[in-house]
Amino acid sequence: MAKNVADLLVEVLVEAGVQRIHGVSGDSLNGITDSIRTRNDIEWVHARHEEAAAFAAGAEAHLTGKLAVCAGSCGPGNLHLINGLYDCQRSRVPVLAIAAQIPSGEIGSGYFQETHPEHLFAQCSHYCELISQPEQMPRVLEIAIQTAISRRGVAVIAISGDVALRDAVEQAARLRFAVPKPTVCPSENELNGLADLLARSKRITILAGAGCAGAHDELIELAGRLQAPIVHAMRGKEFIEYDNPFDVGMTGLLGFSSGYQAMMSCETLLMIGTDFPYQQFFPKNATIVQIDLRGEQIGRRSKVDLGLIGDAKATLLALLPKLEQNLHEAHLSAALDQYRRARKGLEEMATISSGNAPIHPQYVARLLDNLASEDAIFTCDVGTPTIWAARYLTMNGKRRLLGSFTHGSMANALPQAIGAQVSYPGRQVISMSGDGGFAMLMGDLLTLRQQELPVKVIVFKNDSLAFVELEMKAAGILEFGTDLHNPDFAKIAEGAGLLGLRANTSDQVESVLAEALQYDGPALVEIPVSRQELSMPPTITFEQAKGFSLFMMKAVLNGRGDEIIDLARVNLLR
Ligand SMILES: Cc1cc2nc3c(=O)[nH]c(=O)nc-3n(C[C@H](O)[C@H](O)[C@H](O)COP(=O)(O)OP(=O)(O)OC[C@H]3O[C@@H](n4cnc5c(N)ncnc54)[C@H](O)[C@@H]3O)c2cc1C
Ligand SMILES: Cc1ncc(C[n+]2csc(CCOP(=O)(O)OP(=O)(O)O)c2C)c(N)n1
Ligand SMILES: [Mg+2]
């Protein structure tokens with residue numbers, strides 16, 4: 001039988017190593033799904049919401065480093081992909097989206113479901129083109145794949161259902177080569193300049209990020225040579241924190257005082273593979289060096305005195321032989337001391353509550369960390385689960401941690417867990433969900449049963465959009481619009497065919513988590529946690545302090561003193 005365009009499309013994807021497509025089917029996708037149906041080397045992962053499909057594809061791409069694919073039918077079907085695709089694009093993971101289009105002869109007429117994906121997705125992709133002729137295939141698809149992989153991000157192809165069903169002109173893939181992996185390294189002169197600069201500094205701090213993935217050994221050797229504490233940015237946590245005697249934690253609003261201080265007190269800040277976004281947390285008077293694979297990243301977040309383009313591993317390998325041992329250890333030992341104190345403070349927050357007292361979310365996170373397997377994959381929702389993950393999950397080089405760290409979208413954790421579990425069926429996958437975030441894409445809880453994915457969903461049930469309340473407090477305004485009137489999530493899970501569990505008191509949390517983690521299938525655990533857990537920033541700015549007392553004043557004026565007592569009880573009097 002003659003191959004049609006859809007057959008060729010699917011064949012090219014399979015040859016590019018794609019194992020599955022996440023999506024929701026629809027008339028305009030029929031050619032493509034039918035072609036998948038007839039093959040046994042590619043799977044259709046049926047989502048309930050296309051946004052979840054895009055998040056799942058992003059998680060797959062993040063974890064495997066390979067191209068992942070999602071698809072939506074014409075108009076609303078592919079429009080639903082958009083928020084997930086923004087996340088993929090901003091996290092720089094290679095994802096191809098197939099946006100089916102209305103019948104080609106109707107484009108431009110305002111036809112049923114008509115949208116223009118080329119415009120819609122332009123902002124969240126590096127490449128976004130319509131395939132309107134069979135002659136464009138497979139070339140346009142291959143350009144899309146090449147772009148997603150080499151520029152690391154999203155590429156979108158739009159294709160009408162009727163075009164997908166037309167006879168293919170070409171019969172096979174045109175590009176057959178492994179993904180190139182060039183070595184990118186600064187010049188000899190630049191490295192010598194950096195070595196000289198470092199030799200003149202006694203107090204050096206390293207700020208390392210996700211770009212250091214694969215350069216762990218070199219980074220540790222560098223820190224030892226320079227006697228430099230290593231601060232990590234959030235996306236770098238999974239690659240940097242483990243087996244790291246120089247680790248002084250994270251900085252930023254969710255960070256540790258030690259990470260903050262190590263950056264603020266240094267003479268030279270060496271940034272490697274990081275796009276840590278918050279300007280206020282950079283030192284004003286230090287000499288700043290930035291090494292990044294992509295030149296356009298240099299100087300985005302702070303002033304830079306020396307910027308070098310290079311891969312973290314290749315650059316450090318070339319730099320290390322040029323470095324002398326720094327003999328001044330005071331800066332490092334002060335930072336490590338401070339880190340030990342900060343860690344101790346955080347551990348003191350992660351304790352069991354007595355009797356019916358509110359359960360501390362920190363305690364839940366601490367237990368999850370203790371109980372999870374050696375190579376667990378964690379996802380955490382934007383909101384306070386991101387804080388608990390950053391502070392209480394221990395990475396070990398095998399575990400992974402995903403969130404919507406750059407795009408900052410709620411509801412990421414469950415769909416990312418789906419993408420993680422389909423990519424690694426044998427590994428434990430844990431979604432740390434907020435009650436707000438979970439409810440937002442709750443429909444895809446059903447996917448866990450339908451696709452037989454043994455994901456464990458832990459819902460931090462604080463009956464609020466707690467992170468937003470925190471922001472409101474910091475800004476000195478009373479919280480509004482943040483209450484959540486929640487259902488019994490455990491019962492909903494049971495109704496969906498999952499194991500649904502609930503811990504009512506602090507002393508039940510451990511056994512309930514253990515039961516869920518050991519269960520051979522998907523499970524949800526809902527844990528009512530206290531709402532007013534403050535996560536204090538490592539430093540409180542004047543503005544925030546002002547805001548906080550203003551909130552107290554307003555609360556008192558409004559007769560809401562109870563809330564302050566509550567706040568004090570949970571945070572100050574522990
Ligand atoms: C609610 C919320 C609160 C947050 N609070 C904090 C916070 O307090 N602290 C914090 O740190 N983060 C926080 N984040 C996350 C933050 O927004 C950023 O996403 C994060 O700090 C970026 O981490 P990164 O620099 O490791 O990764 P990325 O932003 O991914 O940057 C990686 C950099 O490495 C470069 N790179 C890639 N590959 C290589 C290579 N091979 N060699 C060299 N360079 C390479 C890239 O070009 C890029 O510039 C928060 C997120 C949320 C959702
Ligand atoms: C899609 C989206 N909508 C709104 C926001 C703003 N926002 C950030 S965190 C948050 C609250 C999250 O609530 P929940 O999931 O319950 O987590 P909690 O902070 O309560 O633990 C909101 C509304 C966002 N980041 N993304
Ligand atoms: Mg909540």
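Here the structure is a predicted model, which means the values were calculated and not measured.

Some words on the site of ligand 1
Taken together, 32 residues sit near ligand 1, with Ala210, Arg235, Thr274, Asp292 and Asp311 positioned nearest. Interatomic distance of 3.4 Å between a backbone N/O atom of Phe276 and an oxygen atom of ligand 1. Here ligand 1 loses 91% of its free accessible area of 990 Å² to cover by the protein chains. Classifying every residue of the shell around ligand 1 by side-chain character gives 14 nonpolar, 12 polar and 6 charged.

Brief notes about the pairing of strand 4 (residues 95-101)
The element strand 4 is extensively covered by neighbouring structure, given that 7 of its 7 residues are classed as buried. Going residue by residue along strand 4, you find Val95, Ala97, Ala99 and Gln101 tucked away on one face and Leu96, Ile98 and Ala100 tucked away on the opposite face as well. Two strands pair when backbone bridges link them, and strand 3 (residues 68-72) and strand 4 are joined in this way by 5 bridges, in the parallel orientation. Opposite Gly72, over in strand 4, you have Ala99 as the bridge partner. Of the strand pairs in this sheet, strand 4 and strand 6 (residues 154-160) are connected by 7 bridges, and their pairing is parallel. Bridge assignment links Ala97 to a residue of strand 6, and that residue is Val156.

Points about the environment of Leu498
Mapped onto the elements of the fold, Leu498 is located in the loop between helix 21 (489-495) and strand 17 (499-502). Using a relative accessible area of 5% as the deciding quantity, one classes Leu498 as buried. Sequence spacing of Leu498 and Pro358 is 140 residues, and the spatial spacing of their C-alpha atoms is 26 Å. If we skip the residues at most four places from it in the chain, Leu498 touches Leu445, Leu448, Arg449, Ala493, Pro522 and Ala523.

Re the coordination of the magnesium ion (ligand 3)
Donor atoms from the polypeptide that coordinate the magnesium ion (ligand 3) comprise Asp435 (OD), Asn462 (OD1) and Ser464 (O), at 2.0 to 2.1 Å from the metal. Counting along the primary sequence, the residues that act as donors to the magnesium ion (ligand 3) give the motif D-x26-N-x1-S. Within this pair, whereas Asp435 is found in helix 18 (residues 435-440), its partner Asn462 is found in the loop between strand 16 (456-461) and helix 20 (466-474), the two being separated by 27 residues in sequence. The class for Asn462 is buried, based on a relative accessible area of 9%.

Some remarks on the site of ligand 2
Taken together, 17 residues lie around ligand 2, and Thr384, Asp435, Gly436, Gly437 and Ala466 are the ones closest in. In this structure, an oxygen atom belonging to ligand 2 sits 2.7 Å away from a side-chain N or O atom of Asp435. Contact distances for ligand 2 include 3.1 Å between an oxygen atom and a side-chain N or O atom of Asn462. Here ligand 2 has 580 Å² of accessible area as a free molecule, and 78% of this is covered by the chains. When contributions to the shell around ligand 2 are tallied by element, the ones reaching two or more residues are helix 16 (384-392), helix 18 and helix 20. Looking at the shell around ligand 2 residue by residue, the classes come out as 7 nonpolar, 9 polar and 1 charged.

Focus: unusual backbone geometry
Of all residues except glycine, most have a negative phi; of all peptide bonds, most are trans. Cis geometry is found at the peptide bond from Met137 to Pro138, where omega equals 5°. Non-glycine residue Asp243 carries a positive phi angle of around 40°. Tracing the sequence through the fold places Asp243 in the loop between helix 11 (237-240) and strand 9 (247-250). Unusually for a residue other than glycine, Asp463 sits at a positive phi of about 55°. By the element assignment, Asp463 lies in the loop between strand 16 and helix 20.

Here we look at the environment of Ala233
Tracing the backbone shows Ala233 in the loop between strand 8 (230-232) and helix 11. Residue Ala233 is classed as buried on the basis of its relative accessible area, which comes to 7%. Linking Ala233 and His216, residues 17 residues apart in sequence, is a C-alpha distance of 14 Å. With residues up to four places along the chain from it excluded, the contact list for Ala233 reads Leu207, Ala208, Gly209, Met250, Thr274 and Phe276.

Side note on the packing of aromatic side chains
Geometrically, a pair of aromatic rings is defined through the distance of the ring centres and the angle of the planes. A full pass over the atoms with the stated rule returns 6 aromatic pairs. Ring geometry for Phe438 against Phe489: centres 5.4 Å apart, planes inclined by 85°, an arrangement best described as edge-to-face. Placement of Phe438 in helix 18 and of Phe489 in helix 21 is noted, with a sequence separation of 51 residues between them. Taking relative accessible area as the criterion, Phe438 reaches 1% and is therefore assigned buried. Given a relative accessible area of 1%, Phe489 falls into the buried group. Taken together, the ring pairs in this structure connect Tyr260, Phe276, Tyr278, Phe281 and Phe282 into an aromatic cluster. In this structure, Arg427 packs its charged tip against the face of Tyr424, placed 5.0 Å from the ring centre.

Quick look at the packing of helix 3 (residues 50-64) against helix 17 (residues 413-423)
With their axes 7 Å apart at the nearest point, helix 3 and helix 17 run at an angle of 50° to one another. One finds that helix 3 runs oblique with respect to helix 17. At the point where helix 3 passes helix 17, the crossing takes the right-handed sense. Contacts from Ala52, Phe55, Ala56, Ala59, Glu60, Leu63 and Thr64 in helix 3 reach Pro415, Gln416, Ile418, Gly419, Ala420, Val422 and Ser423 in helix 17.

A look at the sheet that holds strand 2 (residues 43-46)
In a beta sheet, neighbouring strands pair by backbone hydrogen bonds and run either parallel or antiparallel. Spatial strand order, 2-1-3-4-6-5: 6 strands in an open sheet with parallel pairing. At either margin of the open sheet sits one strand with a lone partner, and together these are strand 2 and strand 5 (127-131). Here the strands of the sheet are splayed against their neighbours by 25° on average, with no regard to which way each runs. The sheet contacts of helix 7 (residues 139-150) involve strand 4, strand 5 and strand 6, and relative to strand 5 the element is tilted by about 170°.

Let's talk about the side chain of Ser125
Along the chain, Ser125 falls in the loop between helix 6 (117-120) and strand 5. Within the local environment of Ser125, its side chain forms a polar contact with the backbone oxygen of Phe121, the two atoms lying 2.7 Å apart. Within polar-contact distance, the side chain of Ser125 engages the backbone oxygen of Tyr127 at 3.5 Å. Excluding anything up to four places from it in sequence, Ser125 contacts Gln89, Val154, Ala155 and Val156.

Looking at the side chain of Thr379
Tracing the chain through its elements places Thr379 in strand 13 (residues 377-380). Judged by its relative accessible area of 0%, Thr379 is buried. Within the local environment of Thr379, its side chain forms a polar contact with the backbone oxygen of Ala413, the two atoms lying 2.9 Å apart. Once residues lying within four places of it in the same chain are set aside, the contact partners of Thr379 are Leu402, Ala413, Gln416, Ala417, Ile430, Ser431 and Met432.

Rules and cut-offs
Residues numbered from 1 in each chain as written. Chains lettered and ligands numbered in written order. Predicted model: local features only at pLDDT ≥ 70, side-chain atom pairs only at ≥ 80, totals over all residues. Heavy atoms only, no water. Near = heavy atom within 4 Å. Polar contact = N/O pair within 3.5 Å; in protein donor to acceptor, adjacent residues only side chain to side chain. Areas by Shrake-Rupley, 256 points an atom, 1.4 Å probe, with all protein chains shown as cover. Nonpolar A, V, L, I, M, F, W, Y, C, P; charged D, E, K, R; others polar. Buried < 20%, exposed > 50% of the residue type's maximum accessible area, 1.4 Å probe, protein only. Helix = DSSP H or I, 4+ residues; strand = E, 2+ residues; numbered from the N terminus. Pairing = 2+ DSSP bridges. Contact = heavy atoms within 4.5 Å. Donors = N, O, S within 2.8 Å, 3.2 Å for Na, K, Ca; no water. Phe/Tyr/Trp six-rings, centres within 6.5 Å; stacked < 30°, edge-to-face > 60°. Lys NZ or Arg CZ within 6 Å of the ring centre and 35° of its normal. Axes fitted to C-alpha atoms, helices over the stretch in contact; angles between N-to-C directions. Parallel < 35°, antiparallel > 145°, perpendicular 65-115°, else oblique. Left-handed = near helix turned anticlockwise from the far one by under 90°.

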